[in-house]
Amino acid sequence: MNLKRIKRILLTKPSKNYKNYIHLMITETSSGQDILNIVKGRLTLHKKTTNAVYKQYPKEEAVHQLEQLTMEYQAKGYIEEPESIIDTIMIPEDNVLDKAKWHYEGDFPKDLTKDAAYTATGMFITWLIKNNWFTEEIGQNFATEIEKVKKKKLTGAEFYQKCLDGVFSTQELSDEIKPFVNEYLNIQKDFYTAEDYVHTFQGVGLTFYHVANTWENYDLIEPVIEQRFQEFWERT
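Quick notes on the rules
- Residues numbered from 1 in each chain as written.
- Predicted model: local features only at pLDDT ≥ 70, side-chain atom pairs only at ≥ 80, totals over all residues.
- Heavy atoms only, no water.
- Phe/Tyr/Trp six-rings, centres within 6.5 Å; stacked < 30°, edge-to-face > 60°.
- Helix = DSSP H or I, 4+ residues; strand = E, 2+ residues; numbered from the N terminus.
- Buried < 20%, exposed > 50% of the residue type's maximum accessible area, 1.4 Å probe, protein only.
- Salt bridge = Lys/Arg side-chain N within 4 Å of Asp/Glu carboxyl O.
- Patch = residues over 30% accessible without salt bridge, like charges linked within 9 Å, V, L, I, M, F, W, Y side chains within 5 Å.
- Areas by Shrake-Rupley, 256 points an atom, 1.4 Å probe, with all protein chains shown as cover.
- Polar contact = N/O pair within 3.5 Å; in protein donor to acceptor, adjacent residues only side chain to side chain.
- Contact = heavy atoms within 4.5 Å.
- Arc of directions from axis to C-beta.

Peer 1: What is the right way to look at the packing of aromatic side chains in this model?
Peer 2: When we look at a pair of aromatic rings, we describe it by the centre distance and by the angle of the planes. Scanning all chains against the criterion turns up 22 aromatic pairs. Measuring from ring centre to ring centre gives 5.2 Å for Phe180 and Tyr184, while their planes differ by 20°; the resulting arrangement is stacked. In this pair, Phe180 and Tyr184 both sit in helix H7 (residues 178-184), four residues apart, roughly one turn of the helix. Accessibility classification places Phe180 together with Tyr184 in one group, the buried group.

Peer 1: How should I be thinking about the pattern of salt bridges in this particular structure?
Peer 2: Side-chain pairs of opposite charge can arise where the charged atoms are in close proximity. On inspection of all chains with the given rule, the structure shows 11 salt bridges. Among the salt bridges present, the one from Lys130 reaches Glu222, with a minimum N-O distance of 2.8 Å. Of the two residues, Lys130 sits in helix H3 (residues 119-130) while Glu222 sits in helix H9 (residues 215-235), which places them 92 residues apart along the sequence. When its relative accessible area of 23% is taken as the criterion, Glu222 is described as partly exposed. Close ionic contact of Glu195 with Arg228 constitutes a salt bridge, the shortest N to O distance being 3.2 Å. Taken together, the residues Glu195 in helix H8 (residues 191-200) and Arg228 in helix H9 connect sequence positions 33 residues apart. The partly exposed category is assigned to Arg228, whose relative accessible area is 24%. Look at the salt bridges and you will find they share partners, linking Glu195, Asp196 and Arg228 into a network.

Peer 1: When you look at a nonpolar patch on the surface in this model, what are you seeing that I'm missing?
Peer 2: Together, Val96, Trp102 and Val167 give the surface a local cluster of nonpolar side chains, amounting to about 230 Å² of exposed area. Structurally, Val167 can be placed in strand S7 (residues 167-169). A residue is classified by how much of its surface remains accessible, and Val167, at 31% relative accessible area, is partly exposed.

Peer 1: Any chance you could explain the side chain of Ser174 here in plain terms?
Peer 2: As for its position among the elements, Ser174 is in the loop between S7 and H7. Separated by 3.4 Å, the side chain of Ser174 and the backbone oxygen of Phe134 make a polar contact. The residues touching Ser174, leaving out its near neighbours within four places in the chain, are Asn132, Trp133, Phe134 and Thr135.

Peer 1: Please explain helix H5 (residues 143-150) as it appears in this structure.
Peer 2: Because each turn of an α-helix spans 3.6 residues, side chains separated by three or four positions in sequence point in the same direction. Turning to H5, its buried residues are Glu145, Ile146 and Val149. One face of H5 carries all of its buried residues, which in axial projection span an arc of 100°. Where H5 is buried, its residues touch H3, helix H4 (136-141), helix H6 (156-162) and H9.

Peer 1: What is the right way to look at the side chain of Glu81 in this model?
Peer 2: Note on placement: Glu81 falls in strand S5 (residues 79-81). Accessibility expressed as a relative area gives 18% for Glu81, which makes it buried. Glu81 has contacts with Leu10, Thr12 and Lys19, leaving out every residue within four places of it along the chain.

The quantities given are spatial measurements derived from coordinates; they are silent on function.
So, in structure tokens, the structure goes:
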């Protein structure tokens, strides 16, 4: 069967953490019946989902159906975008972003226990858990602990120590959140710890290691992380 693409359009509608998309394509066949391909899914920074439906129509009817669907989705807030955006999705490399031993084996306050080395990254991990950004495998393996964090019965720092063995990398995270985490916790730039964390808890203790691992303190840093994430999402 000889196939030839004759018309196509990509429509998207943004949500908080992803874009809904509708990809409409007409395929011409030698049988006189055209195929209207209706592909729906979600686009994130580095991942897409697909759910396809294929319907056969006479040539003119297929074009009419495509145009009709386009108008219907535009009325719902969808806008047309270049198809190229769905072809450039790449999965980023995994990076180790923090190890607790980097802290307690380095220039670490002598008046603190090693537990304090988990607090800062642990608070960021709390945000990831609350927003379901860990992989399904992590979610299954540590379902009980994750539920405890969500119910404030276990802190993210304790999860970091107990479940991740004090090593935090993007390998345990969903692909769509990796670009943000790689940028925000970049070891060379360190926007999270050196800027936001220190600024939020300025004057709380002698060093940022002295910030107490409490839910009250997490409530202070959470909106800061959320704002950074929203800013990242809006410019990417």
